[in-house]
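Here are the chains, one letter per residue:
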Amino acid sequence: MSRPWSWPSRGTSGGAALALFCLLVMAGCEEESQKPLASETLLGLEADQVLVGVEMNLTRAGVRNGILAADTAFSFQEEGLLRLRTLVITFYGSTGLEEGVLTGREGEYWFETGDVEVRGGVEVTEAVGSKRLVTERLRYAARADSLYGDTAFVLYRPGLEMRGASFVSDAELENVQSLDPSFVSEGNPAAARRAPPE
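Residues numbered from 1 in each chain as written. Predicted model: local features only at pLDDT ≥ 70, side-chain atom pairs only at ≥ 80, totals over all residues. Heavy atoms only, no water.

1. Thoughts on the packing of aromatic side chains
For the structure shown, the criterion picks out 3 aromatic pairs. Relative to Tyr140, the ring of Phe91 has its centre 5.1 Å away and its plane inclined at 55°; by these criteria the two rings are tilted. Residue Phe91 is found in strand β3 (residues 81-92), and its partner Tyr140 is found in strand β6 (residues 132-141); the two are separated by 49 residues along the sequence. Since its relative accessible area comes to 2%, Tyr140 is described here as buried. Each ring, one from Phe153 and one from Phe167, has its centre 5.0 Å from the other, and the planes form 55°; the classification is tilted. In this pair, Phe153 is assigned in strand β8 (residues 153-157) and Phe167 in strand β10 (residues 167-169), connecting sequence segments 14 residues apart. Each member of the pair, Phe153 as well as Phe167, is classed as buried. If you follow Arg64 out to its NZ or CZ, it ends over the ring of Tyr92, 4.7 Å from the centre. Cation over ring: Arg83 sits above Phe76, and NZ or CZ is 5.2 Å from the ring centre. (Phe/Tyr/Trp six-rings, centres within 6.5 Å; stacked < 30°, edge-to-face > 60°. Helix = DSSP H or I, 4+ residues; strand = E, 2+ residues; numbered from the N terminus. Buried < 20%, exposed > 50% of the residue type's maximum accessible area, 1.4 Å probe, protein only. Lys NZ or Arg CZ within 6 Å of the ring centre and 35° of its normal.)

2. Some thoughts on the pattern of salt bridges
Scanning the entire structure with this criterion turns up 12 salt bridges. With a closest N to O distance of 3.0 Å, Glu79 and Arg83 form a salt bridge. Taking relative accessible area as the criterion, Glu79 reaches 44% and is therefore assigned partly exposed. Judged by relative accessible area, which is 23%, Arg83 ranks as partly exposed. Where Arg163 meets Glu161, a salt bridge forms, and the shortest distance between an N and an O atom there is 2.8 Å. Given the relative accessible area of 15%, Glu161 is considered buried. A network of salt bridges, in which partner residues are shared, links Glu79, Arg83, Glu106, Glu108, Asp115, Glu117, Arg119 and Arg139. (Salt bridge = Lys/Arg side-chain N within 4 Å of Asp/Glu carboxyl O.)

3. Topic: the nonpolar core
Membership of the largest hydrophobic core comes to 29 residues, with the highest contact counts inside it found for Leu68, Leu84, Leu102, Tyr109, Val116 and Leu133. At the level of secondary structure, the elements contributing two or more residues to this core comprise β1 (49-60), β2 (63-76), β3, β4 (98-110), β5 (116-126), β6 and β8. Per element, the largest residue contribution to this core is 5 residues, and it comes from β3. Residue contacts for Val116: discarding those within four places in its chain leaves Leu68, Leu87, Ile89, Glu108, Tyr109, Trp110, Leu138, Arg139 and Tyr140. (Core = buried A, V, L, I, M, F, W, Y, C linked by side-chain atoms within 4.5 Å. Contact = heavy atoms within 4.5 Å.)

4. A look at the side chain of Glu126
Checked against the element boundaries, Glu126 lands in strand β5. Residue classification places Glu126 among the buried positions, given a relative accessible area of 12%. Within polar-contact distance, the side chain of Glu126 engages the side chain of Lys131 at 2.7 Å. If near-sequence neighbours (up to four positions away) are discounted, Glu126 is found in contact with Glu99, Gly100, Lys131, Glu172, Leu173 and Glu174. (Polar contact = N/O pair within 3.5 Å; in protein donor to acceptor, adjacent residues only side chain to side chain.)

5. Comments concerning the environment of Ala152
Residue position: Ala152 is located in the loop between β7 (146-149) and β8. We classify Ala152 as partly exposed; its relative accessible area is 24%. With 17 residues separating them in the primary sequence, Ala152 and Thr135 have C-alpha atoms 6.2 Å apart.

6. Considering the pairing of β5
Most of β5 is tucked away, with 8 of its 11 residues classed as buried. As defined by bridge partners, β4 adjoins β5 across 8 bridges and the pair is classed as antiparallel. Counterpart to Glu106 in the pairing with β5 is Arg119. In sequence, β4 turns back onto β5 through a hairpin of 5 residues, with Gly114 there showing a positive phi of about 80°. Here 8 bridges tie β5 to β6, and the two strands are oriented antiparallel to one another. Across the sheet, Val122 pairs through a bridge with Thr135, a residue of β6. (Pairing = 2+ DSSP bridges.)

Keep in mind these numbers describe shape, not what the thing actually does.
Below is the structure:
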């Protein structure tokens, strides 16, 4: 892994320091268009490899059932995972039609299981329709082809708002089960305001 740039030490002469600064500015201008859209903090992680603009297939029993895309991926071979930033998963059914889209700020993909954990402003929307589920963290279990959440969530459907502390769902949001639902509303905005998610 290449070492990051650092400012000259105090022992460096003023002329040399100025020349070095000018060279760095010129190099930065020439390569500005080639810089990946990833913060310096993320690039500083001790990853085995840093990938920008990642897109990969998710499969189940050898059949593609999703596409995972991420702005940046950090590969950790010993841990057997990718750490992802700004990711989108598009799910497909057995007929090849799009079923739903999952988005989040960050997450991990495990090579051995194909599972994906997504965190930060997580949202699942169905491909056709207006159903939408929002939460802060969930996991996609590849073997079960299901979404699992253990934090507060809100499910929005036409005329229905459902809230709870955990859930299990398919990518289409057709069958959302909450182990401990705290609120189900049939078009009652006043009641919804009295029961915000924790």
